[in-house]
Amino acid sequence: MTTEALRNSIVADMGLAPEGHLKIDWVEAHMPVLNRVRKEFEADLPFKGLNITICLHLEAKTAYLAKVIQAGGANVTITGSNPLSTQDDVCAALVEDGITVFAKYNPDPAEYKQLIINALETKPDFIIDDGGDLVTILHSERPELLETIRGGAEETTTGIIKLKALEKEGVLKLPMVAVNDAYCKYLFDNRYGTGQSAFDGIIRTTNLVVAGSTVVVVGYGWCGKGVAMRAKGLGANVIVTEVDPIKAVEAHMDGFQVMPMIEAAKLGNFFITVTGNKDVITGEHYDVMKDGAVLANAGHFDVEVNKPELAKRAVSIRTVRKNIEEYRFADGRRMYLLAEGRLVNLAAADGHPAEIMDTTFALQALGLRYVRENHETLDRSVIKVPYEIDEKVARYKLDSLGIVLDTLTEKQKVYLDSWNA
C-alpha cells in the first residue's frame, strides 16, 4: 500500500480490502484480452508520469482496468459513476494497490458529487468517463480544471449524447474517444452484456420466475436487443416499445410484439427500460398497469422510470426486500421499483460478465492510449475509435479462445479492390 493513496483516498472501510482483492483476482483470471494489453503497457509505459482520473461503475472489473492503466505508468485516481454500484471492498483493495479512490456505496447526492469533484481536483492529464459525469462538471461548474486535461474516453451511449451536444454547440473543450460506438462495444457489451446482467439483477433481487410472464422491453437499440433476446430465452412473452420505425420493424421481424407503451403497460409483468432517455414510463402508464408490476432500468440514469409520478400516486411506500421499493396505490395495486430506478444490473448485481468487459475495457485502455499519442492533432470533438483498435481487440479475443480465421489470398485482395475484375 502506498502511503499517498491511503492518505488521500476517501473510502468506507479499509478493513474490507481482502474481500476486494479476491474479487479483482477473479476477474483478472477471466480477462485475457486486458491481460495482454497490460503486458504491452508494462513494456511501453504509455502513461508514464501522467495523472489519469477514471469515473466508472466501481466494481471489480473496473478496478482491474484501473490497475492496467496504472501498469502503463500512470498515477490513477478513480471515482464511481453511480452511488449504488460502488463496492466498498473493491475500493479498499484499490487503495492498497496504490490507486487513489474517492468513492463509497450509496452516499447522499451532495457527497456523491463532491467525491467526483475530488477526483477531478487531482488535475488529471486524461480522463475516462461514464455517462458524462466528469465532462458535465468540467464544462458547467469547474471549467478551470480543464486546463490540465488533454483528452479522454467515454464509455456509454448517454455520455456520447452529451458530448455530441457539447460539440454541436461548439463548447466541447477536449477530444473524447467514443468507446461505446466501437463495434466490439455495442455488438457484444451492449447486447450480450446488458441482456445477461439485467436479468441477473432482476432475478437476484425479486426471486420471481420469468418464464410465462410478459416482459416489456422499452427501447430496441443494442441493449434492448440483448434484453429481449434473454427474456425470450427465459421463456417470457416479449413486447417491445419503440419510437424509431426502423428499430420497430427489426423487433417485429425478430419475432416480438411491437406496440405503444400505453398498450404494453396493461399487459406487462416486468418492465425494463433501455433508452437512455427520461420519462419513458410515466403516470399514465402506472394508471393502467397490473398489480405487482416490476419496474427496472437498464439504460443509464434513474430518470427513465418517472419516480416522482410513481410516488405521487402511492398511498404508501416501503422497502419489501433489498433493492425493492413497493408503491401501493389507493386501489390496492402494488408497483415494485428495483434499485431506486438506477441501473439494475449494477445496483442490484455485479454488472456485465467479466469476459464481456474484457473486450470493452481493452477498448478503453487502447482508446486512451490513442488519445495520449495523438491529442495534439485531434480536434476538440467526439472521436471514433480507430478501426484498427477495434479489430485488434477482436483478434486478441479470438486468440484467447483459440479460434483461427481464414485470410484473403492476394488474388482475392486484388479482386475486391478492382471495379472491373
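So, how was this worked out
Residues numbered from 1 in each chain as written. Predicted model: local features only at pLDDT ≥ 70, side-chain atom pairs only at ≥ 80, totals over all residues. Heavy atoms only, no water. UniProt positions renumbered as here; feature names shortened; annotations may be inferred. Helix = DSSP H or I, 4+ residues; strand = E, 2+ residues; numbered from the N terminus. Axes fitted to C-alpha atoms, helices over the stretch in contact; angles between N-to-C directions. Left-handed = near helix turned anticlockwise from the far one by under 90°. Contact = heavy atoms within 4.5 Å. Nonpolar A, V, L, I, M, F, W, Y, C, P; charged D, E, K, R; others polar. Buried < 20%, exposed > 50% of the residue type's maximum accessible area, 1.4 Å probe, protein only. Pairing = 2+ DSSP bridges. Phe/Tyr/Trp six-rings, centres within 6.5 Å; stacked < 30°, edge-to-face > 60°. Lys NZ or Arg CZ within 6 Å of the ring centre and 35° of its normal. Salt bridge = Lys/Arg side-chain N within 4 Å of Asp/Glu carboxyl O.

Here's the deal with the UniProt feature "domain: S-adenosyl-L-homocysteine hydrolase NAD binding" (unreviewed entry) in the protein
Look at the UniProt record and you will see "domain: S-adenosyl-L-homocysteine hydrolase NAD binding" (unreviewed entry) annotated at residues 190-351. Summarising residues 190-351: 35% helix, 25% strand, and an end-to-end C-alpha distance of 12 Å.

So, the packing of helix α9 (residues 183-206) against helix α16 (residues 354-374)
In the contact formed by α9 and α16, the axes pass within 9 Å of each other and the chain directions differ by 145°. Handedness of the α9/α16 crossing: left-handed. On α16, the residues that touch C184, K185, F188, D189, Y192 and G193 of α9 are I356, M357, T359, T360 and L363. Looking at the contact of α9 with α16 residue by residue, the class counts come to 6 nonpolar, 3 polar and 2 charged.

Digging into unusual backbone geometry
Phi at K123 is positive, roughly 60°, even though this residue is not glycine. With respect to the helices and strands, K123 occurs in the loop between α6 (109-120) and β4 (126-129). One non-glycine residue, N207, lies in positive phi territory at about 55°. Along the chain, the position of N207 falls in the loop between α9 and β7 (214-218). Taking relative accessible area as the criterion, N207 reaches 61% and is therefore assigned exposed.

Quick look at the pairing of strand β13 (residues 324-329)
Inspection of the sheet shows strand β12 (residues 314-321) paired to β13 by 6 bridges, in the antiparallel sense. Of the residues in β13, the one forming a bridge with R321 is I324. Here β12 hands over to β13 after 2 residues, with N323 in that stretch at a positive phi of 70°. Two strands pair when backbone bridges link them, and β13 and strand β14 (residues 334-338) are joined in this way by 5 bridges, in the antiparallel orientation. By the bridge assignment, E326 is partnered in β14 with Y336. Here β13 folds back onto β14, and the loop between the two strands holds 4 residues, one of which, G332, carries a positive phi near 95°.

Re the packing of aromatic side chains
In total, this model carries 4 aromatic pairs according to the counting rule given. Where F41 meets F47, the ring centres are 5.4 Å apart and the plane angle is 90°; that geometry is what we call edge-to-face. With relative accessibility at 0%, the residue F47 sits in the buried group. Note that R36 overlies the ring of Y396, its terminal NZ or CZ placed 3.7 Å from the centroid. Positioned over the ring face of W222 is K225, at 4.6 Å from the centre of the ring.

Notes on the pattern of salt bridges
Side chains that differ in charge, positive against negative, can pair when their charged atoms come close. Applying the stated criterion across every chain, the model contains 30 salt bridges. When the shortest N-O distance is used, the salt bridge between R369 and E40 registers 3.9 Å. Here E40 lies in helix α3 (residues 32-44) and R369 lies in helix α16, a separation of 329 residues in the sequence. The class of E40 is buried, set by a relative accessible area of 17%. A salt bridge links K113 to E141; the nearest nitrogen and oxygen atoms lie 2.6 Å apart.

Digging into the UniProt feature "binding site: substrate" (unreviewed entry) in the protein
Following the UniProt record, the feature "binding site: substrate" (unreviewed entry) maps to D130, E155, K185 and D189 here. The annotated residues occupy 60 residues of the chain but converge on a single region, no pair of C-alpha atoms lying more than 14.3 Å apart. Of note, E155 is situated in the loop between β5 (151-154) and α8 (157-168). With near-sequence residues (within four places) excluded, E155 lies in contact with L56, D129, D130, V179, N180, K185, D189, M357, T360, F361 and Q364. You can see K185 is positioned in helix α9.

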